[in-house]
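An overview of the molecular structure
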Amino acid sequence: MNVTLCSALAFSSSLLANDCRPCHAAIADAFAKTGMGRSITERPSALPSKFYHRLSNRHYTIADGKMRRHQIGAGGTEINVIEKTIDVAIGSGNHSITYASRTPTGLLLELPVSWYSQENAYFMSPGYDRPDHLDMRREVVDSCLFCHSDSEKPAAITCRRCHGDATAHLAKPGPGNIYNPKQSSEVCFQCHLETESMGVVDSMRKPGRDVFSYKPGEPLADYKLYFDRSDPPAGRFEVNHTAYRLMQSACYQKSNGKLGCVTCHDPHSARAREACGSCHQSEHTRAKVTGCAGCHMAKRKAQDAIHIRMTDHWIQREPKFADPVKESHEPYSGTLIPFYTKADQLSLAIANTRVPTAASASLYEEYLERAPNDVPTLIALGKTLIRLDRDRDAEARLRKALSLAPKDTAARLALAVSIGKQGNVAGALKEMKDAVAAAPDDSYSWLNLGFTHRELKQFSEAAAAFREAIRLQPDLAVARMALASLPAGK
Ligand code: HEC
Ligand code: HEC
Ligand code: HEC
Ligand code: HEC
Ligand code: HEC
Ligand code: HEC
Ligand code: HEC
């Protein structure tokens, strides 16, 4: 058979399931057909199309495995053109597909236009239907891959995400030496429990826990803490709300832990089974027999992705709801409280930190005593210290963050700022150039590179950097103002 290198790579994820197929063929085949078994595709074929987004006044063209963006300038010419290859598809397309592009430096960038199966059309990706969206600049973060991918390296979900390490089992195939999650829904919660997808800190990993360090069978609370608004709107419904909404149901709350995901779903085919009758026997249920979910579990539009309809797992007598007509981007400024897991005071205080203050800096410092190598906290502290003009301390924290996570764009940019603010403009210039080289799609890195050149009176380099920032992010007003402020003729 003539197998190319690309397709060998594309199928590498199913090799993991192939370890199991010789003995568990029916399970492996059923799982391969689920959305989970197809959650990531390398080199997907995206349907060609054109799409105009009015709010941001940008044109998108999807063709030949690429997504291209342009605007129309004076005289009808194309300006601010960006083109990215479509390298990875996130989502099976059961509901939708969000595409990502791999940069030469190995970052994955989310693309701004997604495919929506129920509408049979492209629209903006969730969160992007606004004038100042992130366009082609948003990194696909590890937490996104934790739920959608088998590992850091994007690949479809396999057996090990629910059964854990299979080394002992493969050495001596038989019962008792591999995790069987029959008693617990927490293997499902690791990905299906989310209180809110945008705008709040909905969860926090425990100190020292890497993203992919969760082991099926261990208590989820040892891995992460969950938070929710203290006053969640009753009707709020999101794409990934299965566990969150199920937990609000009388069926869940009043059945002493007997109702789990596997009560109603075969975990390998993912299909729902008629399970209501195991708890409900009445005149009413005997008359209906099937179709219970059709009346008691509504299919409704998700508020964080308004082109997707999902099953509401809050089982209700008569579900009442209003479908959202547009995306809402209102940030939440109220208090967060623990949800599902018990949070300690310090973690809760950090989750509730919104603005950089001296008080929040000491919270981060206290947290780092527990977890000296916690990268998100090191970066948050570094940025806070910059705001407090404690630039030398900020530099130390950010250098440490970068020694642990050398690819972190935000940390590199903040480091450059902290150095520049200490008066070492030449040192800052070197870091800014590194920041731009590491993440050439980040408009703020170019903006700050421009400021640094301007400081050094290198006006033509400054102008070039500001222009690149504007090409990447046409709505970046501060870059336009900076460009206009340069001495004439540059
Ligand atoms: C050489 C044959 C063989 C291979 C390969 C194999 N298994 Fe098994 N597995 C068995 C046998 C035999 C049992 C015990 C009987 C049963 O439950 O089907 C078993 C049982 C299991 C159980 C139930 C364990 C329990 O104690 O309840 C799980 C889960 C499991 N296998 C998962 C896997 C996974 C995941 C893989 C691939 C990484 C795999 N198996 C590969 C033969 C195999
Ligand atoms: C590693 C993360 C992860 C785990 C663990 C996980 N899921 Fe999923 N699940 C997903 C994602 C992501 C999707 C959406 C996949 C897609 O269609 O692209 C999904 C989809 C589903 C679906 C929709 C149908 C389908 O064909 O996929 C069902 C049902 C489901 N999961 C049930 C479960 C149950 C039950 C468990 C626990 C036994 C579980 N999941 C564990 C991530 C996970
Ligand atoms: C906490 C886990 C989690 C995170 C984080 C997460 N997702 Fe999801 N996502 C899910 C689950 C689970 C589903 C399936 C929901 C369902 O079918 O009820 C889903 C559904 C989707 C779908 C629709 C798939 C389909 O066809 O059913 C897309 C596309 C998607 N997510 C993209 C993303 C992207 C891109 C990110 C990161 C920016 C992200 N998600 C972050 C868990 C997550
Ligand atoms: C989404 C989570 C999930 C994934 C992925 C998953 N399993 Fe399972 N598996 C379960 C759960 C939950 C059970 C317990 C089912 C029960 O008790 O009803 C189980 C049970 C089993 C069993 C015990 C026998 C049985 O049929 O109940 C075997 C064998 C097994 N899984 C093999 C596999 C293999 C092989 C793969 C990969 C092809 C796989 N599983 C992928 C969740 C998963
Ligand atoms: C594990 C057992 C269990 C299963 C399975 C189960 N339920 Fe329930 N359900 C309960 C319990 C317990 C209550 C609370 C009864 C009470 O308040 O007296 C309940 C309550 C309800 C209510 C009333 C809700 C309310 O808020 O007043 C409805 C409707 C309902 N269930 C429908 C369903 C449907 C439909 C299914 C299947 C999709 C289902 N249940 C599956 C245990 C279960
Ligand atoms: C055609 C729509 C419809 C179907 C199908 C349906 N129900 Fe209902 N069900 C209702 C309505 C409406 C109520 C509220 C009645 C009330 O509160 O007076 C209700 C009430 C209930 C209740 C709470 C009151 C009670 O009788 O205990 C339960 C539990 C319930 N349904 C379970 C089920 C189950 C299980 C099935 C499937 C076997 C099912 N229903 C099928 C419409 C439906
Ligand atoms: C009381 C039964 C019941 C329980 C418990 C249950 N589900 Fe479901 N689930 C359903 C039904 C019914 C559907 C709709 C199936 C369909 O339309 O084919 C569904 C659909 C889904 C879907 C597909 C979303 C969509 O709208 O297409 C996912 C994902 C899912 N369930 C995950 C889970 C997870 C994870 C859990 C545990 C947190 C869970 N379910 C618990 C009954 C249940």
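Reading the values: the criteria
Residues numbered from 1 in each chain as written. Chains lettered and ligands numbered in written order. Predicted model: local features only at pLDDT ≥ 70, side-chain atom pairs only at ≥ 80, totals over all residues. Helix = DSSP H or I, 4+ residues; strand = E, 2+ residues; numbered from the N terminus. Rg over C-alpha atoms; globule rule 2.2 N^0.38 Å. Buried ≥ 20, exposed ≤ 12 C-beta atoms within 10 Å, placed from the backbone. Contact = placed C-beta atoms within 7 Å. Domains from an automatic or database assignment. Near = placed C-beta within 6 Å. Nonpolar A, V, L, I, M, F, W, Y, C, P; charged D, E, K, R; others polar. Pairing = 2+ DSSP bridges. Axes fitted to C-alpha atoms, helices over the stretch in contact; angles between N-to-C directions. Parallel < 35°, antiparallel > 145°, perpendicular 65-115°, else oblique. Left-handed = near helix turned anticlockwise from the far one by under 90°. Core = buried A, V, L, I, M, F, W, Y, C linked by C-beta atoms within 7 Å.

Along its length, the protein carries 21 helices and 14 strands. The C-alpha atoms of the protein give 25 Å as radius of gyration, which agrees with the globular expectation for 490 residues (23 Å, within 12%). Once the C-alpha set of the protein is aligned to its principal axes, its extents read approximately 85 × 55 × 50 Å. Evaluated residue by residue, the protein yields a buried proportion of 36% over its 490 residues. At a minimum sequence separation of 6, the contacts of the protein that also span at least 24 residues come to 53%.

Time to look at the domain arrangement of the protein. As far as domains go, the protein holds domain 1 (5–158) and domain 2 (353–485). Distance from the C-alpha centre of domain 1 to the C-alpha centre of domain 2: 29 Å. Listed by partner, the interface residues are 12 residues for domain 1 and 11 residues for domain 2.

This paragraph deals with the site of ligand 4. Taken together, 19 residues lie near ligand 4, and Cys20, Cys159, Cys162, Lys182 and Pro267 sit nearest. If you list the elements that add at least two residues to the shell around ligand 4, you get helix 3 (25–33) and helix 5 (160–163). Taken together, the residues of the shell around ligand 4 sort by class into 12 nonpolar, 5 polar and 2 charged.

Attention now goes to the site of ligand 2. Neighbouring ligand 2 are 22 residues, the closest being Gly35, Ser92, Cys188, Cys191 and Cys261. Secondary structure elements with two or more residues in the shell around ligand 2: helix 4 (142–148), helix 5, helix 7 (186–192) and helix 10 (261–264). Element by element, the count of residues in the shell around ligand 2 is highest for helix 7, at 5 residues.

The next point concerns the sheet that holds strand 11 (residues 224–229). Pairing is antiparallel across the open sheet formed by 3 strands, whose spatial order is 10-11-14. Where the open sheet ends on each side, the last strands, each with one partner, are strand 10 (203–205) and strand 14 (336–339). Direction aside, neighbouring strands of the sheet carry axes that sit 35° apart on average. Examined bridge by bridge, strand 10 and strand 11 share 3 bridges and lie antiparallel to one another.

What follows is about the packing of helix 19 (residues 443–455) against helix 20 (residues 459–472). Packing of helix 19 against helix 20 leaves a shortest axis separation of 8 Å and a crossing angle of 165°. Put simply, helix 19 runs roughly antiparallel to helix 20. Every pair of crossing elements has a handedness; the one defined by helix 19 and helix 20 is left-handed. Here helix 19 contributes Ser443, Trp446, Leu447, Leu449, Gly450, His453 and Arg454 to the contact with helix 20, which in turn contributes Phe459, Glu461, Ala462, Ala465, Phe466, Glu468, Ala469 and Leu472. Each residue belonging to the contact of helix 19 with helix 20 can be placed in one class, and the counts come to 9 nonpolar, 3 polar and 3 charged.

A word on the pairing of strand 11. Relative to strand 14, strand 11 runs antiparallel, the two sharing 4 bridges. Note on strand 14: the bridge partner recorded for Tyr226 is Phe339.

Moving on: the pairing of strand 13 (residues 305–311). For strand 12 (residues 299–302) and strand 13, the ladder comprises 4 bridges, and the chain directions are antiparallel. Within the sheet, the bridge partner assigned to Lys299 lies in strand 13 and is Thr311.

Even without glycine at this site, Ala270 takes up a positive phi of about 70°. Among the structural elements, Ala270 can be located in the loop between helix 10 and helix 11 (283–288). On the neighbour-count criterion, Ala270 (16 C-beta atoms within 10 Å) is partly exposed.

Within the fold, Asn448 resides in helix 19. By C-beta crowding, Asn448 is classed as buried, having 23 other C-beta atoms within 10 Å. Distance from Asn448 to Asp222, taken between C-alpha atoms, is 40 Å for residues 226 residues apart in sequence. Filtering out sequence-adjacent residues up to four positions away, Asn448 remains in contact with Leu413, Ala416, Val417 and Met432.

The next thing to look at is the nonpolar core. Ile379, Leu398, Ala411, Ala414, Ala416, Phe466 and Ala469 are the most contacted members of the largest nonpolar core, which totals 59 residues. A per-element tally of this core places helix 17 (residues 409–421) first, with 8 residues. When sequence neighbours within four positions are dropped, the list of residues in contact with Ala469 reads Ser443, Trp446, Leu447, Gly450, Leu476 and Ala479. One finds Met67, Tyr99, Val113 and Phe237 within the second-largest nonpolar core, a separate group that totals 32 residues.

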